[in-house]
Structures are given as structure tokens and as C-alpha cells.
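# Secondary and tertiary structure notes
Residue strings, one per chain:
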Amino acid sequence: DYAIGMNGNSAAVEHVAIFDWHYNGCQHDAAGGIILEAHGRELESIRVDNVLLFQFTEGTALHLKATSQGRIAYANFQNVRVRHAKRGISLEADEDSFVHSNTWLAGAMSGGGFEVGIIANATGACNENIFYGAVVETSTSDLAHVYV
């Protein structure tokens, strides 16, 4: 499971650090940090602001996923910080869905354990997602820092 799941319009996650805790004997790896999931519905006007996603080395720090005619649009991400993850940001849409017109402002991605920093993996429309001043500074990545 993800630490936070968002599936309603105009929801927000702000001013928080979200950890996949690997210390003190905890053996439960999360699937990821935050998932925006639109399954057969529209999800819009989400806001994620001043959020640290830390240590999701077995999953995805931030995942936007649209399936079964789902639509994710007009979300706003500001100062989202990803530190150590398998996948930093994943944009995913199946053939009859879309992840479209979402905006990232500032923010950074760094550390180790990355398969990929940002990935757009879609058979449906996954376009007009805009990154302004975002940094992808993973020490290494198995697939790529940015993969479209």
C-alpha cells in the first residue's frame, strides 16, 4: 500500500515529511509514498506542497495513475522533494485514460536506489505535464534519470 492515497477532487497534502521507515526492525516496505489514483473517474485540482518523500526504495515516491477512463488533470506540485526511491515520479495512463496538464514547480530528487527519476509510462495520453525548475540529481539510475 501507499502511505497516502488521493482519489477526490481538490484534496491537498502540505507541509509534511513521509518516510518508508526501515529502522528499528520495521520490515514493511510501502508500495510508495503518495498515489493519485483515478479509476474510471476524474481527479483534478490536487495540490501537493512542501512535501518530503523519503526512502521509498522498494516503490514509487509519487505516482499519478489513471485507469478505466480515468483522468488526472490540473494538479499542482510545489517544492516536492524525493530522497532515495526506486521510482521518483511515475505518470501512468492506460489506453482510454489520461494524465494531462499537471504542473510541478521547483522541487528536487536526489540520492540513491533509483531505477528511474521521472517516468511517463502510458498507452493513453500522458502529455502537457510541465516541470519548472525541478532538479533530478540521482546519483545513479538503472533505466534513466528521465524516461518518456
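In this report, we go over the structure that sits alongside the text. (Residues numbered from 1 in each chain as written. Predicted model: local features only at pLDDT ≥ 70, side-chain atom pairs only at ≥ 80, totals over all residues. Heavy atoms only, no water.)

### Some words on the side chain of D49
Assignment of secondary structure puts D49 in strand β5 (residues 47–67). Within the structure, D49 has its side chain in polar contact with the side chain of R47 (distance 2.8 Å). (Helix = DSSP H or I, 4+ residues; strand = E, 2+ residues; numbered from the N terminus. Polar contact = N/O pair within 3.5 Å; in protein donor to acceptor, adjacent residues only side chain to side chain.)

### Some words on the environment of A61
With respect to the secondary-structure elements, A61 resides in strand β5. Overall, the relative accessible area of 0% leaves A61 in the buried class. Taking the C-alpha atoms as reference, A61 lies 15 Å from E14; in sequence the two are 47 residues apart. Beyond its immediate chain neighbours, meaning those up to four positions away, A61 contacts G33, I34, L53, F56, V82, A85, R87 and G88. (Buried < 20%, exposed > 50% of the residue type's maximum accessible area, 1.4 Å probe, protein only. Contact = heavy atoms within 4.5 Å.)

### Some points on the sheet that holds strand β8 (residues 98–100)
A sheet is described by the order of its strands in space; here 4 strands give the open sequence β4-β6-β8-β12, paired in parallel fashion. Looking at the sheet topology across the chains shown, the edges are occupied by β4 (42–44) and β12 (125–127). Geometrically, the sheet is characterised by an average inter-axis angle of 10 degrees between neighbouring strands, direction not taken into account. Sheet analysis places β4 next to strand β6 (residues 71–73), joined by 3 bridges and oriented parallel. (Pairing = 2+ DSSP bridges. Axes fitted to C-alpha atoms, helices over the stretch in contact; angles between N-to-C directions.)

### Some points on the pairing of strand β7 (residues 76–93)
Where β5 meets β7, 14 bridges bridge the pair, whose relative direction is parallel. Among the inter-strand pairings, L62 is bridged to a residue of β7, identified as I89. Bridge count for β7 against strand β9 (residues 103–105) is 3 bridges, and the pairing is parallel. Within β9, the position partnered with Q78 by the bridge is L105. The sheet contact formed by β7 and strand β10 (residues 108–111) spans 3 bridges and is parallel. Looking across to β10, one finds that V82 is bridged to M109. Examined bridge by bridge, β7 and strand β11 (residues 114–122) share 6 bridges and lie parallel to one another. The residue bridging I89 from the neighbouring strand is I118, located in β11.

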